[in-house]
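Below are the chains, spelled out letter by letter.
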2 protein chains.
Amino acid sequence: MGGISLMSHTAIDRLVTLFSKLPGIGKKSAGRITYHILDSSPALAQTLAKELAGLHQAIKRCSICGGFTETDPCFICSDSDRDKTVICIIESAQDMRIIEEGREFKGVYHVLGGLIAPLEGVSPANLSIDKLISRLQSGKVKELILALNPTVEGDTTALYLQKTLKDYPVEITRLASGMPVGGNIEYTDKLTLSRSFRGRVKI
Amino acid sequence: MGGISLMSHTAIDRLVTLFSKLPGIGKKSAGRITYHILDSSPALAQTLAKELAGLHQAIKRCSICGGFTETDPCFICSDSDRDKTVICIIESAQDMRIIEEGREFKGVYHVLGGLIAPLEGVSPANLSIDKLISRLQSGKVKELILALNPTVEGDTTALYLQKTLKDYPVEITRLASGMPVGGNIEYTDKLTLSRSFRGRVKI
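The sections below set out a description of the structure shown in this document. (Residues numbered from 1 in each chain as written. Chains lettered and ligands numbered in written order. Predicted model: local features only at pLDDT ≥ 70, side-chain atom pairs only at ≥ 80, totals over all residues. Heavy atoms only, no water.)

1. Observations regarding the nonpolar core
Membership of the largest hydrophobic core comes to 110 residues, with the highest contact counts inside it found for Phe19(A), Ile37(A), Phe19(B), Ile37(B) and Leu52(B). Dropping the residues within four chain positions of it, Ile37(B) is found in contact with Leu22(A), Leu52(A), Leu55(A), His56(A), Phe19(B), Leu44(B), Ala45(B) and Leu48(B). (Core = buried A, V, L, I, M, F, W, Y, C linked by side-chain atoms within 4.5 Å. Buried < 20%, exposed > 50% of the residue type's maximum accessible area, 1.4 Å probe, protein only. Contact = heavy atoms within 4.5 Å.)

And the structure:
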């Protein structure tokens, strides 16, 4: 009977198990995080506990774009400075945060809530496409930028949207795919290189 | 005025900031973790909150070894199957968990609570050395195994303990230092290689 089996019922072990289920945290990191919190002032644990306990109550989905927000509509959808004629289509609300950090895009968003993946049971009906269509029916939208991952699921979803929305007077574009800035041709995979050729731009 | 400054007052951002202060979690991981919790059922956030809120109340320090425990003495110090004549000296309570997982060591522990590091203001007086000495005064301890990191601080602390405890009839040993199993001589640094030579064993 080793120490592990006895240890596994303690508050420490329950917390390690919980942390190790979060994305990007393995068992070792979960242990380090738990002991760091134990070694720190109890205020850290209490603050974290308070924020986690109130999270789902504080954060709702924006009724227009589907992003996470404390107010409805969210501050982007209700910002008169944002260009409402351009909608950036994203897979998840988290992508909005990453694109906003780039400070490049000045339009508004639409969260699909996933990508079409038949093998994982995600069909178009699971995505927020009806809501997107009703946004298009206002007639004010001029461009949809598909900011979907350059993967099989992203390509499938892009193709599906293109077909489904072909009767609306809206231009559909997609983020450029190719070599990352600072990348190296030698270490670029064949598919990415082929996309870079097809998507080459005049200089 | 970008989106970030406006976003930074929300519950999401407060949680991202808290997570990014934990060891091994950068800003991107903190974002991914926060959105994962938001996307999951509220039960995950509530369970995490509950465990964190109760952590410091549930976990104390063992009055004998200084390790984290729910009962005092801890289950190792109070286990009659553990060899009380061998004490493994460790820097922090977390090291106990890692050594226990190896299921190799059958003695008991003593947590120093740090390593001597004059530049960081850690002197011998900050470590749990008096308590170690009173454990030695029982006269039952035969061996102290120093399981300290093979670093300057670990070496300094080992040397200090060796000098301070030289009048006690106890054997002081230290964990072997050398090339890690599966390692490669070509990629081993000079200091490690030199230690491997000095600590070479007969086969």
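There's plenty left to go through after this.
2. Here's the deal with the relation of the copies chain B and chain A
Mapping between the two chain copies consists of a rotation about an axis together with a translation along that axis. Of the two same-sequence chains, chain B is brought onto chain A (RMSD 0.1 Å, axial shift 0.0 Å) by a rotation of 180°. Here the two chains are linked by the operation of a two-fold rotation axis. Ranked by how close their C-alpha atoms come to the rotation axis, the residues of chain B are headed by Ala49(B), at 2.0 Å. Same-surface contact between copies: 100% of interface residues of chain B are shared with the interface of chain A. (Least-squares fit on C-alpha atoms with pLDDT ≥ 70 in both.)

3. Some details on the pattern of salt bridges
This model, assessed by the stated rule, comprises 13 salt bridges over all chains. Here Arg14(B) and Glu51(A) are joined by a salt bridge, their closest N and O atoms 2.8 Å apart. With Arg14(B) in helix α2 (residues 11-20) and Glu51(A) in helix α4 (residues 42-58), the pair connects residues from two separate chains. Residue Glu51(A) is classed as buried on the basis of its relative accessible area, which comes to 11%. Asp13(B) is the partner of Arg97(A) in a salt bridge, and the nearest nitrogen-oxygen pair spans 2.7 Å. Of the two residues, Arg97(A) is situated in helix α5 (residues 93-102) and Asp13(B) in helix α2; the pairing between them involves two chains. Its relative accessible area of 8% is what places Arg97(A) among the buried residues. (Salt bridge = Lys/Arg side-chain N within 4 Å of Asp/Glu carboxyl O. Helix = DSSP H or I, 4+ residues; strand = E, 2+ residues; numbered from the N terminus.)

4. Brief notes about helix α6 (residues 129-136) of chain A
Residues and elements named next belong to chain A. All of the buried residues along α6 are Ile 129, Leu 132, Ile 133, Arg 135 and Leu 136. Burial along α6 is one-sided: seen end-on, the buried residues are contained in an arc of 160°. In this structure, the buried residues of α6 make contact with β3 (83-90), β4 (107-111), β5 (143-147) and α7 (152-164). (Arc of directions from axis to C-beta.)

5. Focus on the layout of surface pockets
Of the voids in this model, the largest pocket is the one considered here, and its volume is about 440 Å³. In terms of lining residues, the largest pocket is bounded by 22 residues, among which Leu148(B), Asn149(B), Pro150(B), Thr151(B) and Ser177(B) are the most central. Elements with a minimum of two residues in the lining of the largest pocket: α5 (93-102), α7 (152-164) and α8 (190-198) of chain B. Partitioned by chemical class, the residues of the lining of the largest pocket number 11 nonpolar, five polar and six charged. By volume, the second largest pocket is sized at about 380 Å³. Lining the second largest pocket are 17 residues, and of these Ile99(A), Leu146(A), Ala147(A), Leu148(A) and Leu175(A) lie nearest its centre. Within the residue set of the lining of the second largest pocket, elements represented by two or more residues are α5 and β5 of chain A. The residue inventory of the lining of the second largest pocket, partitioned by class, reads 11 nonpolar, two polar and four charged. (1 Å grid on protein atoms, 1.4 Å probe; cavity = no way out; pocket = protein on both sides within 12 Å on 5 of 7 lines; lining within 4 Å. Points joined across faces, edges and corners; volume = space filled by probe spheres on them. Nonpolar A, V, L, I, M, F, W, Y, C, P; charged D, E, K, R; others polar.)

6. Details of the interface of chain B and chain A
A common measure of how large an interface is: the accessible area buried when the components associate. Between chain B and chain A, the contact holds 53 residues from the first and 53 residues from the second. Considering only the side of chain B, the residues that lose the most area to chain A are Leu52(B), His56(B) and Arg97(B), jointly responsible for 13% of the buried surface there. At the boundary of chain B and chain A, one finds six salt bridges. Our count for the chain B to chain A interface comes out at 16 residue pairs in polar contact (both at pLDDT 80 or more). Broken down by secondary-structure element, the contributors of at least two residues to the side of chain B that touches chain A are α1 (3-7), α2, α3 (27-39), α4 (42-58) and α5 of chain B. Element by element, the count of residues in the side of chain B that touches chain A is highest for α4(B), at 13 residues. Per-class residue counts for the side of chain B that touches chain A are 29 nonpolar, 12 polar and 12 charged. (Buried area = accessible area lost by both parts, 1.4 Å probe. Polar contact = N/O pair within 3.5 Å; in protein donor to acceptor, adjacent residues only side chain to side chain.)

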